[in-house]
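Below are the chains, spelled out letter by letter.
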Amino acid sequence: MNKQDFSEYEKRRAEQHEKLCRATALLMCLDHRICHLRACYRKRMCSGPMRPSPHQAGAVRAQREIGLSGKACAELPFCVANMAAQLFGRYSKLRSDLQQVAIDVPELDLLQACREVAAKPPLKRRPLDFFPRSSDFKR
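The notes below deal with the structure included here.

1. A few points about the pattern of salt bridges
Alright, step 1. Inspection of the entire model under this criterion finds three salt bridges.
Alright, step 2. The salt bridge involving Lys11 is made with Glu8; its shortest N-O contact spans 3.9 Å. Placement of the pair is Lys11 and Glu8 together in helix H1 (residues 3-30), with a separation of three residues, close to one helical turn.
Alright, step 3. For Glu8, a relative accessible area of 37% translates into the label partly exposed.
Alright, step 4. Its salt-bridge partner being Arg22, residue Glu18 comes within 3.0 Å of it at the nearest N-O pair. You can see Glu18 and its partner Arg22 sitting in helix H1, four residues apart, about one turn around the helix.

The structure is reproduced here in structure tokens:
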């Protein structure tokens, strides 16, 4: 492969990486109030800036070992880049699950599917709603 092929590959890889990261952040960060950017809540989608993160050091190193620049996977959404290591582990698990879904169902627009899920209002229940009411029992 020549240098031109690597740059085209890296551009595609960066786009895929950003879509996957934003879809994962949309499901995890917005619903669980991890993201504190008002624009993301108003739009109900991950729209914050992408920032370099130390969480991605291993992925950058792996890309550099095969001769790429490592820039394609160096950045994460703002709320994810600042996560604690334990919470980032959960994010990584969800991201790998979504990546597998994208592989299994190639015609699915993953980001759009996650937007539709996040657009639905969260189920609000009072604690007592988990228990049957007396009117639910037949006499």
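2. Here's the deal with helix H6 (residues 110-119)
Alright, step 1. Listed in full, the buried residues belonging to H6 are Leu110, Leu111, Cys114 and Ala118. One side of H6 carries all its buried residues, which in axial view fall inside an arc of 95 degrees.

3. A short note on the nonpolar core
Alright, step 1. In terms of nonpolar packing, the biggest core is built from 26 residues, with Cys29, Cys35, Leu76, Val80, Met83, Tyr91 and Cys114 touching the most fellow members.
Alright, step 2. Mapped by element, the contributors of at least two residues to this core are H1, helix H2 (38-43), helix H4 (78-81), helix H5 (85-104) and H6.
Alright, step 3. With nine residues, H1 is the largest single contributor of residues to this core.
Alright, step 4. Aside from chain neighbours lying at most four places away, what touches Val80 is Ala25, Cys29, His55, Phe88 and Tyr91.

Criteria and cut-off values
Residues numbered from 1 in each chain as written. Predicted model: local features only at pLDDT ≥ 70, side-chain atom pairs only at ≥ 80, totals over all residues. Heavy atoms only, no water. Salt bridge = Lys/Arg side-chain N within 4 Å of Asp/Glu carboxyl O. Helix = DSSP H or I, 4+ residues; strand = E, 2+ residues; numbered from the N terminus. Buried < 20%, exposed > 50% of the residue type's maximum accessible area, 1.4 Å probe, protein only. Arc of directions from axis to C-beta. Core = buried A, V, L, I, M, F, W, Y, C linked by side-chain atoms within 4.5 Å. Contact = heavy atoms within 4.5 Å.

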